Structure formats: structure tokens, C-alpha cells
Amino acid sequence: MVDQELLKILVCPNCRGQVEYREADSVIACIGECRYEYPVVNDIPHMLIDEAVKP
Ligand SMILES: [Zn+2]
């Protein structure tokens, strides 16, 4: 489980948009402009553009 306080302060590093945690997919998804999806590995969000899945 990703820390809820951490989720509140996370923003998309690409577009600075809001993100949401999709627990079933183990990703942090941008719900702003770019819709990148960032992997969550061992409950640690990897908010790196290089690691993001691009739509
Ligand atoms: Zn974004």
C-alpha cells in the first residue's frame, strides 16, 4: 500500500498534473494532460519520466 500522505503531495513530473493511484495495476496514473503511468515497485512510486508508460 502506497502511503496516503505521499500520494497527496505527488504530482506528475512530466506535466505537473494530478495523479491517482491505481492499486490493481500498481501504477500511479497522471490524470492531467499527459496520462503517463508511473510504476509502483514494492510500494514505492517511481515518478520518473524515463520509467513511465506513455499512452
Ligand atoms: Zn502528466
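One can find the structure itself at the top, above this paragraph.
Procedures and definitions
The residue numbering used here restarts from 1 in each chain and proceeds along that chain's sequence as written. Confidence filtering applies because this is a predicted model: local features only for residues at pLDDT of at least 70, side-chain atom pairs given and counted only at 80 or more, and all residues used for totals across whole chains, interfaces and linings. A set of buried residues drawn from Ala, Val, Leu, Ile, Met, Phe, Trp, Tyr and Cys, joined through C-beta atoms within 7 Å, is what defines a nonpolar core. Here a residue counts as buried when 20 or more other C-beta atoms sit within 10 Å of its C-beta, as exposed when there are 12 or fewer, and as partly exposed otherwise, the C-beta atoms being derived from the backbone. Numbering of helices and strands runs from the N terminus; a helix is a DSSP stretch of H or I covering at least four residues, while a strand is a stretch of E covering at least two. Contacts are defined on C-beta atoms placed from the backbone: any two residues whose C-beta positions lie within 7 Å are in contact. By this definition, two strands are paired if DSSP reports at least two bridges between them.

Trainee: Just checking my understanding: could you explain the nonpolar core for this structure?
Mentor: Across soluble globular proteins, nonpolar side chains have a tendency to be buried as a group. Cys12, Val19, Val27, Ile28, Cys30, Tyr36, Tyr38 and Ala52 together form the largest nonpolar core, which totals eight residues. Per-element tally for this core: the top contributor is strand β2 (residues 27-30), with three residues. When sequence neighbours within four positions are dropped, the list of residues in contact with Ala52 reads Asn14, Tyr36, Glu37 and Tyr38.

Trainee: Would you take a moment to explain the pairing of strand β3 (residues 37-41) for this structure?
Mentor: Two faces, one strand: in a regular strand the side chains alternate between the faces of the sheet. In this sheet, β3 lies alongside β2 in antiparallel orientation, the contact comprising three bridges. Opposite Ile28, over in β3, you have Tyr38 as the bridge partner. Between β2 and β3, which pair antiparallel in sequence order, lie six residues; one of them, Arg35, sits at a positive phi of approximately 65 degrees. Taken together, the two bridges between β3 and strand β4 (residues 44-45) define a ladder with antiparallel strand orientation.

Trainee: Honestly, the sheet that holds β4 in this entry has me stumped. Any pointers?
Mentor: Sheets are built from strands that pair by backbone hydrogen bonding, the pairs being arranged parallel or antiparallel. Spatially, four strands are ordered β1-β2-β3-β4 in an open sheet, and the strand pairing comes out antiparallel. Looking at strand neighbours, the two that pair on one side only are β1 (19-22) and β4, the edges of this open sheet. Across four bridges, the pairing between β1 and β2 is antiparallel. Residue pairing for β2: Glu20 is matched across the bridge by Ala29.

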